[in-house]
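# Observations on the three-dimensional arrangement
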Amino acid sequence: MRASAPAPCTRTGAHSWSGSGYGGVSNATALQDLRDPGDRIAIEVHQYLDRDYSGTHAECVGPDIGVDTLRGFTAWLREHGRQGFLAEFAGGPGEVCRQAVDNMLAFIAGNDDVWLGWTWWAAGAWWKPDYPFNVQPGQDGGGKPQMEVLARHARAATAP
């Protein structure tokens, strides 16, 4: 069975954290009083950089879309003394998307008092080679365009 594109992240996206358009309260309101006596809670969000935040389009809105979508959630984390983790994100291989990913990861690194880290959406041999978010190297060993950005930020995050 082949993996398919992710479902739209309307309820799990940082972009919609404070929105209550699903007929209920926002995630920001629902989770603001959540407490763990061991203080080990991390709030996990997703964030795609395409026009409807679904991760179904290879084109990104612009180079600042990632930063713009994380700002409100980052402020909420800081205001409520929480930490966040960007557990699912991706952008296509084009220059605008690579810049958007670069800017977003720099933003996370610059706010490491509230951000624990990040993980990319798609890699592995089960993905179609032309899936725009797949960063699995090709059979020829060639890397995908996004890997330059991801590798640079991963090295920076793990440097002593």
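Details of the structure are given in the entry above.
Bear in mind that the values here come from a model prediction, so they are computed numbers and not experimental data. (Residues numbered from 1 in each chain as written. Predicted model: local features only at pLDDT ≥ 70, side-chain atom pairs only at ≥ 80, totals over all residues. Heavy atoms only, no water.)

## A look at unusual backbone geometry
Positive phi outside glycine occurs at Asp39, with the angle close to 50°. Mapping Asp39 onto the fold places it in the loop between α1 (27-31) and β1 (42-48). Classification of Asp39 as exposed rests on a relative accessible area of 65%. One non-glycine residue, Tyr53, lies in positive phi territory at about 60°. Looking at the element boundaries, Tyr53 is found in the loop between β1 and α2 (65-79). (Helix = DSSP H or I, 4+ residues; strand = E, 2+ residues; numbered from the N terminus. Buried < 20%, exposed > 50% of the residue type's maximum accessible area, 1.4 Å probe, protein only.)

## Structural notes on the pattern of salt bridges
Side-chain pairing between opposite charges can occur once the charged atoms of the two side chains come close. According to the stated counting rule, one finds four salt bridges in the structure shown. In this structure, Arg71 and Asp68 form a salt bridge, with 2.8 Å as the shortest nitrogen-oxygen distance. One end of the pair, Arg71, and the other, Asp68, are both in helix α2, three residues apart, so they sit about a helical turn from each other. For Asp68, a relative accessible area of 45% corresponds to the partly exposed category. One salt bridge connects Arg152 with Asp102, and the closest N-O pair in it is separated by 2.9 Å. (Salt bridge = Lys/Arg side-chain N within 4 Å of Asp/Glu carboxyl O.)

## Quick notes on the nonpolar core
Ranked by internal contacts, the top residues of the largest apolar core, which has 35 residues, are Phe73, Leu86, Phe89, Val101, Trp115 and Leu150. Listed by contribution, the elements that provide at least two residues to this core are β1, α2, β2 (83-90), α3 (95-110), β3 (115-120) and α4 (146-158). In terms of residues, this core owes the most to one element, α3, which gives seven residues. If we skip the residues at most four places from it in the chain, Leu86 touches Val45, His46, Gln47, Met104, Ile108, Trp115, Gly117, Trp118 and Thr119. (Core = buried A, V, L, I, M, F, W, Y, C linked by side-chain atoms within 4.5 Å. Contact = heavy atoms within 4.5 Å.)

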